[in-house]
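Observations on chain architecture
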Amino acid sequence: MGPTRAQFIQYAPSALAVVPLVAGPWSALAAAAAGAGAWAVNVSAPVLRSLIGCGFTATGCGIAAHEVLAAGGNPLIALGLAVPAGAAALAHHRNITGHLPTPVLMPATTDASTEAGLTSQAQVISAWWKEFISGPTQTEDRKLIQPGAVLTQLALDMGDNHLSFTGVITLPQGQQVRVKAADIASVYGIPVSRVEMGDPKHYAPNALPVTVHLKKAAAAPEIASGIPTTPEELWAAHVAIPEGAMPGTTLTVTRYDGPLDWEGIATRDRRAIGTVNLQALAGNLDLETIQIALAPGDKPSQMGIRVMREHALMHGTMLSSVVDELSMDSRGYIRAGTYVDGRPALLPLAQPGSGARHLYLVGGSRSGKSGLLEQILLSAHRSGIAVILASPQAGTIAGASLSAYLGDGLDEAMGALRLAYAMTLDREARYRSPAFPFTDPLVLVVIDEAHMLLSASSPYHLEAKAIVEQLTRRSLKRGIGVVLATQTPLAEDLGNSTVIRSQLLIGGGAVFLRCAKGQGSLVGANAVEGAEGIDLSMIPSQWPGQYAKVSNRDMSGLATEAAAAPEDGTFGLGYLLTPGSQAVQFRSLHLDVAPVSLAGGEPPVGIEDCDAWRESEAIVQTPMVDKRGKNLIGSLADLLAAAEGEPSSQDAPHHNPGGLQVIAGSSRPGAPGVAAGAPDGQELIKPRILELLREQSIPMTAETIARKLGTSAKNIKPRLSELKKRDEVTNENGLWRAA
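Residues numbered from 1 in each chain as written. Predicted model: local features only at pLDDT ≥ 70, side-chain atom pairs only at ≥ 80, totals over all residues. Heavy atoms only, no water.

**A look at the overall build of the chain**
Along its length, the chain carries 21 helices and 22 strands. Out of the 739 residues belonging to the chain, those deemed buried represent 46%. Sequence-distant contacts, at least 24 apart, represent 63% of the contacts inside the chain between residues at least 6 apart. Accessible surface, the chain: about 35,500 Å² in total, of which carbon and sulfur atoms supply 55%. (Helix = DSSP H or I, 4+ residues; strand = E, 2+ residues; numbered from the N terminus. Buried < 20%, exposed > 50% of the residue type's maximum accessible area, 1.4 Å probe, protein only. Contact = heavy atoms within 4.5 Å. Areas by Shrake-Rupley, 256 points an atom, 1.4 Å probe, with all protein chains shown as cover.)

**Overview of the sheet that holds strand β16 (residues 443–447)**
Taken together, the 10 strands give an open sheet; going across it, the order is β10-β9-β20-β19-β18-β13-β17-β16-β14-β15, and neighbouring strands pair in mixed fashion. In this open sheet, the two edge strands, each paired with only one partner strand, are β10 (344–348) and β15 (405–408). Strand-to-strand twist across the sheet, computed as the mean angle between neighbouring axes with direction ignored, equals 25°. On the sheet, helix α10 (residues 369–382) packs against β9 (333–339), β10, β13 (358–362), β14 (386–391), β16, β17 (480–486), β18 (508–513) and β20 (584–588) and is oriented at approximately 145° with respect to β9. Where helix α11 (residues 410–430) meets the sheet, its contacts fall on β14, β15, β16 and β17, and the angle it forms with β14 comes to roughly 145°. (Pairing = 2+ DSSP bridges. Axes fitted to C-alpha atoms, helices over the stretch in contact; angles between N-to-C directions.)

**Quick notes on the environment of D638**
Relative to the assigned elements, D638 resides in helix α18 (residues 636–643). The class of D638 is buried, set by a relative accessible area of 3%. Along the backbone, D638 and K708 are 70 residues apart, and their C-alpha atoms lie at a distance of 9.5 Å. A polar contact of 3.0 Å, which involves the side chain of D638, links it to the side chain of K708. (Polar contact = N/O pair within 3.5 Å; in protein donor to acceptor, adjacent residues only side chain to side chain.)

**Points about helix α21 (residues 713–725)**
Note that an α-helix has 3.6 residues per turn; residues three or four places apart therefore point the same way. Under the 1.5 Å per step criterion, the end-to-end length of α21 is 19 Å for 13 residues, consistent within 8% with the ideal 18 Å. Among all positions in α21, only I716, R719, L720 and L723 are buried. Considered in projection along α21, the buried side chains sweep an arc of 110° and stay on one side of the axis. Residues of α21 that are exposed and angled more than 90 degrees away from the buried face: K714 and K725. The positive-phi residue at the C-terminal boundary of α21 is D727, with phi of around 60°. (Expected span 1.5 Å × (residues − 1). Arc of directions from axis to C-beta.)

**Concerning the packing of α11 against helix α13 (residues 461–474)**
Two elements in contact, α11 and α13, have axes separated by 10 Å at closest approach and are oriented at 40°. Between α11 and α13, the interaxial angle falls into the category oblique. Classified by chirality, the crossing of α13 by α11 is left-handed. Residue-level contacts link M414, L417, R418, A420, Y421, T424, L425 and E428 of α11 to E463, A464, I467, V468, Q470, L471 and R474 of α13. (Parallel < 35°, antiparallel > 145°, perpendicular 65-115°, else oblique. Left-handed = near helix turned anticlockwise from the far one by under 90°.)

**So, the packing of aromatic side chains**
Throughout the structure, instances matching the rule amount to 3 aromatic pairs. With a centroid separation of 5.9 Å and 55° between ring planes, the pair formed by W128 and F132 is classed as tilted. Separated by 4 residues within a single helix, W128 and F132 lie in helix α6 (residues 120–134), roughly one turn from each other. Classification of W128 by relative accessible area gives partly exposed; the value is 25%. On the basis of relative accessibility, which here comes to 28%, the residue F132 falls in the partly exposed class. Look at Y360 and F512: their rings are 6.2 Å apart centre to centre, the planes differ by 85°, and that puts the pair in the edge-to-face class. Here the residue Y360 occupies a position in strand β13, and F512 occupies one in strand β18, the gap between them amounting to 152 residues. No difference in accessibility class separates Y360 from F512, as the two residues are buried. (Phe/Tyr/Trp six-rings, centres within 6.5 Å; stacked < 30°, edge-to-face > 60°.)

This is the structure we're talking about:
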């Protein structure tokens, strides 16, 4: 069996280096034969040039050596002439490392026992690794990167436009791999970006996989000036390159109606695409940001792309055209707008069999936030949902008349929050089961410009933060949902409370509209799962071409009857995030008619007749935290007592001036009260616990019972357990009541 193509190209120059000492002038024939053979096996041009150069060098050395010997010269001089020939052969050996043939799977190891079985390409890779990284030899002028860090399980992957090898950097047990990607890149003369190393956290300290791409893919196609190109070519040339917005991806076009109107799917081979910078993508495709829409799919390795000559949502969807879709459906959803692909964009306000849903709404000035709130108020009205509206900026919500209770202004908005919390406490006292039975109407607590109440600069900061945290945590099962609107997604707008935002997102959906520059990033501390990488400040305020339209001034005078059209701005354009999905671009309905005019003149949906609602006038004026902003009132009885101006158990003194402890009971007549001085023995406390639970007839936590009896929870909890064993009290989800 004759030599293979690779062996011929590899070893012919070595033979040429020896021939001059033996054949003399006949080495010219050997060089010619090597060149002809290389031409016959169709090697690449660089390899052929290297082979011919090696042949010429060997031929010249052979002729010179022959003349020296023929003239009776020193044989050592003739032998020395073989050195240039050997150097030429070594240079050819290194030249071919960038032009290797078909892929070959290597043996599991590359130690001395299997070195002879490696192909020439693998031998070169292994030799360079040993020479510069692992050793075993080390000279004074060359320091090894990490002695002993051998490359095992070497495998080659080659094709027409790529060449790479993989292996495992292996050290003896007890040692740790210290070889870095930059070290490997310097050895093989490639960029660091072409070296991929495994995460040390996922592998043993002495074994780390590595992949090295020696030869990059074929050059991106050149874009000739003025010649139309396909989206695939543009993508490969500008987007998929390492410096592009989505490196390593390929584009598959699914619909093409011109260079500025197409859809496709970007795919990255078995690797997640990750966060995409929409502005960078627009720059790569030479488009405006508003002309591109992204649609994340179920696979992290795929991303839907849509390019639009004219944005699909530019003309909007009229509110009057979808009146029948504004009421809540059987699943608890309402129509909020239209997705970029034309599908209805739905928002959840309730979850059948469970209760209400929350909504987190972000949008700066002139973004369409107030219009969406008006639309939600109309949908709640048509769906039989009562609304408690807190609007710190008076007069900003045109549909405020559709609410059952309106807190218009900063102080009044704080009162609306107090009423909403009182309703939660009232329903907790009346409903024994944590599941909402839908015997009373759903309630939406709409908080507009919430940062005016929650931010640290607000006079109601501590109280509002405490109430909203409790509402977002406890109200859903009681049929009370929170719609909270702020101007930015920054944590400061929510009082630096991670609880509020996490509960809003867990308990419902989110709408993100345009924000001011530098305030709309949803990364870092403001990251929202499902909306990674979105920068709301990148949503433009105008559609493409609107600046030219505005410059054509009409000097005929102000037309007072003129109405704004959807094309006049991007009001309502943003992203909708529903539970369990990714944020998708949408636009809210265009208010071509006032939402309140579609209410049919019917009165707003009312709240059920209950203690909290009957005492609402006093409750909205009653602060629910102490002077330090701590200790939020935790029971309806305490709240009603505070609203009536009587000292509640929270405010009752624990010690009198004489040093005798006073046990504070309920403010109602006949409530248990025992003079201080008696020890907290179990026979003394247990009757008082039973008397309190029977008198109040509402479930209480152990902490509430302890506060009412003027003692600590650690004294109450053991007694409650003893009473439960005697079947005198019951405990349901941490709430105690008399049996």
